[in-house]
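# Structural characterization, general
Chain residues, written in single-letter form:
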Amino acid sequence: MFKKYLLGLASITLFFTFISTVNAAEPNYTITTDATYAPFTFQDKHSNYVGIEQETMKAIAKREGFTYTMKPMSFNSAAQLVSNGQADGIIAGMSITPERKEVYDFSTPYYKTGVAWIVKKDSKIKSLKELKGQTVALKTGTAASEYGKSLQSKYGFKVKYFNDTDTMYNDVVVGNSVATFEDMPVIQYAIKNGMALKVMNAANPGNAGWYGFAVEKGKNKALLQSFNRGFAAIKKDGTYNKIVTKYLGATQSTFSGSKKDNGSILGILRSNQSALLKGLWQTIELTFIAILLASIWGILLGVLGVSEYKWLRAVSTTIIYVFRGLPLMVLAFFIYIGLPGVTGVKIPAFTAGIITLILNEGAYTAAFVRGGFEAVDRGQMEAARSLGLPYNTAMRKVIMPQGLRIMVPSFINQFIITLKDTSILSAIGLLELTQTGTLIVARNSQGFRVWAIIAIIYLVIITLLTWLSNWIEKKLK
Ligand code: ASN
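As a convention, each chain's residues are numbered from 1 in the sequence order in which they are written. Per-residue local features are limited, in this predicted model, to residues with pLDDT of at least 70; the limit for side-chain atom pairs, both in listing and counting, is 80 or more; totals at the level of whole chains, interfaces and linings are taken over all residues. Note: side-chain values were computed over all heavy atoms of the structure, leaving out hydrogens and water.

### A few points about the overall build of the protein
- Secondary structure elements are defined from DSSP: runs of H or I of at least 4 residues count as helices, runs of E of at least 2 residues count as strands, and each element is numbered from the N terminus. Within the protein one finds 20 helices and 13 strands.
- The principal-axis extent of the C-alpha atoms belonging to the protein is close to 90 × 50 × 45 Å.
- The cut-offs for exposure are 20% and 50% of the maximum accessible area for each residue type, with area from a 1.4 Å probe on protein chains only; residues under the lower value are buried, those over the upper are exposed, and the others partly exposed. When each of the 477 residues of the protein is scored for burial, the buried share is 52%.
- A residue counts as positive if it is Lys or Arg and as negative if it is Asp or Glu; His and the chain ends are not included. Charged groups are reduced to one reference atom each: NZ for lysine, CZ for arginine, CG for aspartic acid, CD for glutamic acid. Of the charged side chains in the protein, 51 are positive and 30 negative; the average position of the first set lies 3 Å away from that of the second.

Listed below in structure tokens is the structure:
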């Protein structure tokens, strides 16, 4: 029964993995972006990517006859994916700086920018000097954060890092940080849309410069040329100006429907229904595939861990030690961003996420599987052996059935942890529930309500998962 069940699940998993790999292998460009960066890139109410950059890209691709898949993630990850060849290009309000020119080739500049320093709307702070000893919020890996950091020793403030602009703004709005640094066009747009912050150096932005589309240095020349050619054309025929005017001339809520959201949780649910469902599905897919494969891997490792051969036990212990010791996010970054830089083989984010979960959750599973077998009374093995059963048969027929029963609660526990751990994979740009929440908050600034909704969805699926696990437990008995 158990074997048949496992086989069935294994084929479902292979099918899903196959589908995700096929999807990922489409012959078009992969472009990364930062979808918390209105008016340049953000999501509309149908969870499509919109904004000046998105429409510009679309217009250029149409003219130039190429297709692309847009991958939203934190700016920092988005930039790294391009610099190590995992993605082909980045369009993410990216400032053209001399340091970046060492790593990327930039397109024709398309939008003027500069760094603003920003405080809460009703703040009494008047000069940078008053930031002494206070905390300033910065966004990891951005030009604005570099600028902020360059002022740190002179003005003596502490810094704190965030992965997306909206969370960073909110830290200042709620008073955890007293100031932040962000690009002038981005903060001005946010203020226009009701963000309770003010810019202190509007007339005098720091490090004035331009945004550019970027590819890895020396690579993807054709894509860069297409971008430049297409951009020149849409600038000439007025399309680009129309796009800019369209976004600057309207409030963000015109595109994102956030006005409607303001009223209630139900309003937010209604206007973000499709995004939430997509995120939920991705979380469920990740969870089930990971649970299945990590359980198989974990049982295998656990069995090795009680093998009669010392070296097999050593292999199992080492693997458990390494992968239980690594934080999940570090492992995810290593597999998704680190490895491809060395091997040159691109790994789709979904596959990287699944591998991460298998290695991490599998190590925990192996540890309790090994413990479960070890917990079976020693006398059982001795009795079985003295009755003449070989080690393997004694293990299979006597120890394992009893051990597996001991492990059932640990399995259920691990399934729930796996489900929760999928949220960490938002860091590599997987659009699961947590990342979906971040993008929704970025467009409607309803942090409390959106995160309450996401939390409730997690609780509901955890409850369902627990029921399902209990049901399977009964069937297996
Ligand atoms: N403006 C940022 C930079 O150039 C990018 C971003 O935050 N999306 O570093």
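### So, a nonpolar patch on the surface
- Nonpolar side chains (Val, Leu, Ile, Met, Phe, Trp, Tyr) within 5 Å and like charges within 9 Å form the patches, drawn only from residues with over 30% relative accessible area and no salt bridge. To be clear on the numbers: accessible area is Shrake-Rupley with a 1.4 Å probe, and residue cover counts the displayed protein chains and nothing else. We count a salt bridge whenever a side-chain nitrogen from Lys or Arg sits within 4 Å of a carboxyl oxygen from Asp or Glu. Residues Ile456, Val460, Leu464 and Trp467 make up a contiguous nonpolar surface patch of roughly 430 Å² in combined accessible area.
- Mapped onto the elements, Trp467 comes out in helix α20 (residues 447-476).

### What about the packing of helix α18 (residues 391-421) against α20?
- Where α18 meets α20, the axes come as close as 10 Å, and the angle between the chain directions of the two elements is 155°. Between α18 and α20, the crossing angle belongs to the class labelled roughly antiparallel. Between α18 and α20 lies a crossing whose hand is right-handed. Within the contact between the two elements, α18 uses Val408, Ile412, Phe415, Ile416, Leu419 and Lys420 and α20 uses Tyr458, Ile461, Ile462, Leu465, Thr466, Ser469, Asn470 and Glu473.
- Along the lines of polarity and charge, the residues of the contact of α18 with α20 split into nine nonpolar, three polar and two charged. Interaxial angles span 0 to 180 degrees and are taken between N-to-C directions of axes, which are lines fitted to C-alpha atoms, for helices over the stretch in contact. Orientation is classified from the angle alone, with under 35 degrees giving roughly parallel, over 145 giving roughly antiparallel, 65 to 115 giving roughly perpendicular, and any other angle giving oblique. In this scheme, a crossing is called left-handed if the near helix is turned counterclockwise away from the far one by less than a right angle; it is called right-handed if the turn is clockwise. By the convention used here, residues are in contact when the closest approach between their heavy atoms is within 4.5 Å. Under the convention adopted here, Pro, Cys and the residues Ala, Val, Leu, Ile, Met, Phe, Trp and Tyr are nonpolar, Asp, Glu, Lys and Arg are charged, and Gly plus all remaining residues are polar.

### Remarks on the side chain of Thr33
- Relative to the helices and strands, Thr33 resides in strand β1 (residues 29-33).
- Every residue in contact with Thr33, bar those within four places of it in the chain, is listed here: Thr41, Glu53, Gln54, Met70, Lys71, Pro72, Met73, Ala78, Ile91 and Ala92.

### A closer look at α20
- Here α20 contains 30 residues, and its C-alpha end-to-end distance of 43 Å stays within 8% of the 44 Å for a straight helix at 1.5 Å per residue.
- Along α20, the residues classified as buried are Val450, Ile453, Ile454, Ile457, Tyr458, Ile461, Ile462, Leu465, Ser469 and Ile472. A helix is expected to span 1.5 Å multiplied by its residue count minus one.

### Considering the packing of helix α16 (residues 349-375) against α18
- Contact pair α16 / α18: the axes reach a minimum separation of 8 Å and the direction vectors enclose 145°. Considering how the two elements wind past one another, α16 and α18 form a crossing that is right-handed.
- Its residues assigned to classes, the contact of α16 with α18 comprises 14 nonpolar, seven polar and two charged.

### Observations concerning the packing of aromatic side chains
- Stacked, tilted and edge-to-face pairs are distinguished by plane angle, under 30 degrees for stacked and over 60 for edge-to-face with tilted covering the rest, among Phe, Tyr and Trp rings (Trp via its six-membered ring) whose centres lie within 6.5 Å. In this structure the tally under the stated criterion is 17 aromatic pairs.
- Plain terms: the ring middles of Tyr110 and Tyr211 are 6.4 Å apart, the flat faces sit at 50° to each other, and that makes the pair tilted. In this pair, Tyr110 is assigned in the loop between β6 (104-106) and β7 (111-120) and Tyr211 in strand β12 (residues 206-211), connecting sequence segments 101 residues apart. The pair formed by Tyr110 and Tyr211 is uniform in burial state, with each residue classed as buried.

### Regarding the domain arrangement of the protein
- Partitioning the protein into domains gives domain 1 (25-110 + 212-248), domain 2 (112-209) and domain 3 (262-476).
- Taken over C-alpha atoms, the centre of domain 1 sits 25 Å from the centre of domain 2.
- Each partner contributes to the interface: domain 1 provides 15 residues, whereas domain 2 provides 15 residues.
- Once two parts are joined, some of their accessible surface, as seen by a 1.4 Å probe, is lost; buried area is that loss totalled over both. Summed over both partners, the interface of domain 1 with domain 2 comes to about 1200 Å²; 54% of that surface belongs to carbon and sulfur atoms.
- Interface area lost by domain 1 to domain 2 is led by Thr36, Tyr37 and Asn76, which between them contribute 34%.
- In the analysis that follows, any N or O atom pair within 3.5 Å is treated as a polar contact, provided that within protein one partner can donate a hydrogen and the other can accept it, and provided that, for residues neighboring in sequence, both atoms belong to side chains. Counting across the interface, domain 1 meets domain 2 through six residue pairs in polar contact (both at pLDDT 80 or more).
- Put simply, the parts of the chain that give the side of domain 1 that touches domain 2 at least two residues each are α3 (75-83) and α9 (239-248).
- The residue inventory of the side of domain 1 that touches domain 2, partitioned by class, reads seven nonpolar, six polar and two charged. Note that the domain bounds reflect an automated or database-derived domain assignment.

### Some thoughts on the site of the ligand
- Any residue with a non-hydrogen atom lying within 4 Å of a molecule or strand is treated as near it. The environment of the ligand is formed by Asp34, Tyr37, Phe75, Ala92, Gly93, Met94, Ser95, Arg100, Lys139, Thr142, Ala143 and Asp183.
- Measuring from an oxygen atom of the ligand, one finds a side-chain N or O atom of Arg100 at 2.6 Å.
- Contact distances for the ligand include 2.7 Å between an oxygen atom and a backbone N or O atom of Ala143.
- Within the complex, 100% of the 280 Å² of free accessible area of the ligand lies under protein.

### A few points about the pattern of salt bridges
- Under the criterion given, the structure shown has nine salt bridges.
- Asp34 serves as the salt-bridge partner of Lys139, at 2.7 Å between the closest nitrogen and oxygen. In this pair, Lys139 sits in strand β8 (residues 135-139) while Asp34 sits in the loop between β1 and β2 (42-43), placing the two residues 105 residues apart along the sequence.
- Ionic pairing is found between Lys246 and Glu55, a salt bridge with its closest N-O pair at 2.7 Å. Taken together, the residues Lys246 in helix α9 and Glu55 in helix α2 (residues 52-64) connect sequence positions 191 residues apart.

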